[in-house]
Amino acid sequence: MLSEELHRKLPQGLLLDELLLSSKEEVFAEERGSAGLAQFYLQNIQQALDDASERGIQLGACIMEAVLQGAGGMNLIDPLWQRLLVQECRHRGIPVIFDEVFSGIWRLGAESAAELLGEAPDIGCYAKLLTGGMLPLSVTLAREEVFKAFEGPSKVEALLHGHSYTAHPIGCQASVAALDIYCDKTSNPNYPGHEGSQRAQEARGDLGKAKLTDLWDEDMAATISLDPKVRRVLPLGTVFAVEMNAEDAGYGSTASASVVKSLRSQGIFARPLGNVVYLMAAPTTTKSECRKLLAKLMSTLRG
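We now turn to the structure provided with this report.

Procedures and definitions
Each chain has its residues counted from 1, running along the sequence as written. It should be noted that, the model being predicted, local features are given only for residues of pLDDT at least 70 and side-chain atom pairs only at 80 or more, the latter also being counted only at that level, while totals for whole chains, interfaces and linings use all residues. Side-chain numbers come from the whole structure's heavy atoms, not from hydrogens or water. Convention adopted: a line fitted to C-alpha atoms gives each axis, helices being fitted over their contacting stretch, and angles between N-to-C directions are expressed from 0 to 180 degrees. The way it works is that DSSP assigns letters per residue, a run of H or I at least four long becomes a helix, a run of E at least two long becomes a strand, and they are numbered from the N terminus. Working rule for angles: under 35 degrees goes down as roughly parallel, over 145 as roughly antiparallel, 65 to 115 as roughly perpendicular, anything else as oblique. By definition, any crossing whose near helix is turned counterclockwise from its far helix by less than a right angle is left-handed, and any crossing with a clockwise turn is right-handed. Pairs of residues are marked as contacts when any of their non-hydrogen atoms sit within 4.5 Å. Polar here means any residue outside two lists: the nonpolar Ala, Val, Leu, Ile, Met, Phe, Trp, Tyr, Cys and Pro, and the charged Asp, Glu, Lys and Arg; Gly therefore counts as polar. For the exposure calls, accessible area comes from a 1.4 Å probe over protein chains only, and a residue counts as buried if that area is under 20% of its type's maximum, exposed if over 50%, partly exposed in between. At least two DSSP bridges between two strands are needed for those strands to be called paired. Polar contact is defined as a pair of N or O atoms within 3.5 Å, subject to the rule that within protein one atom must be able to donate a hydrogen and the other to accept it, and that residues adjacent in sequence are counted only when both atoms are side-chain atoms. A carboxyl oxygen of Asp or Glu within 4 Å of a side-chain nitrogen of Lys or Arg is what we treat as a salt bridge.

1. Things to note about the packing of helix α9 (residues 218-225) against helix α11 (residues 287-302)
As a packed pair, α9 and α11 sit with axes 10 Å apart at the nearest point and diverge in direction by 15°. In this view, α9 runs roughly parallel relative to α11, as classed from their interaxial angle. The handedness of the crossing between α9 and α11 comes out as left-handed. From α9, Met220, Thr223 and Ile224 reach across to α11, where they touch Arg291, Leu294, Ala295, Leu297, Met298, Leu301 and Arg302. Within the contact of α9 with α11, the residues separate by chemical class into seven nonpolar, one polar and two charged.

2. Notes on unusual backbone geometry
One non-glycine residue, Met74, lies in the positive phi region at around 55°. Here Met74 lies in the loop between β2 (68-69) and β3 (75-76). In this structure Met74 comes out as buried when scored by relative accessible area, which is 1%. Positioned with a positive phi, Ile105 is a non-glycine residue whose angle comes to about 60°.

3. Observations regarding the sheet that holds strand β5 (residues 123-126)
Spatial strand order, β1-β4-β5-β6: four strands in an open sheet with mixed pairing. The open sheet terminates on both sides in strands that have one partner only, identified here as β1 (62-64) and β6 (139-142). Neighbour-to-neighbour, the strand axes of this sheet turn through a mean angle of 15°, independent of strand direction. Where strand β4 (residues 96-100) and β5 come together, four bridges link them in parallel fashion. Each bridged residue has a counterpart across the sheet, and for Glu100 the counterpart in β5 is Tyr126. Across the sheet, helix α4 (residues 79-91) lies against β1 and β4, angled at about 160° from β1, the strand it touches most.

4. Things to note about the side chain of Asn275
The topology assignment puts Asn275 in the loop between β9 (271-273) and β10 (276-280). With relative accessibility at 3%, the residue Asn275 sits in the buried group. Among the polar contacts made by the side chain of Asn275, one reaches the main-chain amide nitrogen of Gly250 at a distance of 3.1 Å. The contact partners of Asn275, leaving out residues within four places of it in the chain, are Val242, Glu243, Met244, Ala246, Ala249, Gly250, Ser253, Ala255 and Ser256.

5. A short note on the pattern of salt bridges
Going through the model one piece at a time under the given rule, you end up with twelve salt bridges. The shortest N-O distance in the salt bridge between Asp122 and Arg90 comes to 3.6 Å. With a gap of 32 residues between them, Asp122 in the loop between α5 (113-117) and β5 and Arg90 in helix α4 connect regions that are remote in the sequence. Classification of Arg90 as partly exposed rests on a relative accessible area of 32%. A salt bridge links Glu151 to Lys148, with the shortest nitrogen-to-oxygen separation between them at 3.9 Å. Residue classification places Glu151 among the partly exposed residues on the basis of a relative accessible area of 43%. Each of Arg90, Glu119, Asp122 and Arg143 takes part in a single network of salt bridges with overlapping partners.

Dropping the structure here:
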């Protein structure tokens, strides 16, 4: 998804097939890095970073929601743009932080959004699905060189701030159970790994290759996208988002309120984000259950 400002800057000669991609695989393909759009993105990224440097701004880090902006409206960010941003920051020595509190732990169909991008951050933040939503628990992971920066004999070197809900025993045990379930084909019909309770790295042998099967029916998603009340749909991993056509688009919009109210009367607790309404399944939700959810959503939109 391009910002309006960036969209206006697109060069006239840019090939249409670089902007219109027909599959999720094409969207995330690393081969896109050699195309004209990649050069356009990189020039804009470099210009923004150069402008900041010229104004005397020293950037301590680049922090981003990888792939999908959650509470901001379920906005899909072009993976090519974020991939190039990470690479340019790394080239300039700027640490990269991924906020995967929402998007991590199979939310988007992969174990982490970093796997979808093909770029690992220096620091990653995870929570929510870490325990299957049962208990509060969060974790911050860091590269070894970042971790070692806080080692030392005195408090001067120490990182004295931590999460309020880190490492409590019951939360950690819930997390162990949740991570096992996600990667156990006997309990998760969407996981393409081996039988038995094995962690993702043990089951795959090649971290980053396993992906959940697509939960959302492609034909039903296409039908919803053609509804005159709908501006766009986003089926990705466990998330299905619908942006409603509205004059008051944005977080303060009430355009999706009637849809949310109707769904709740049917036992579906969807959440509104302005003129965006979204459904969110679990990594273990069956495709048949997801089809039932979409059927009720379609019926609600038509009503």
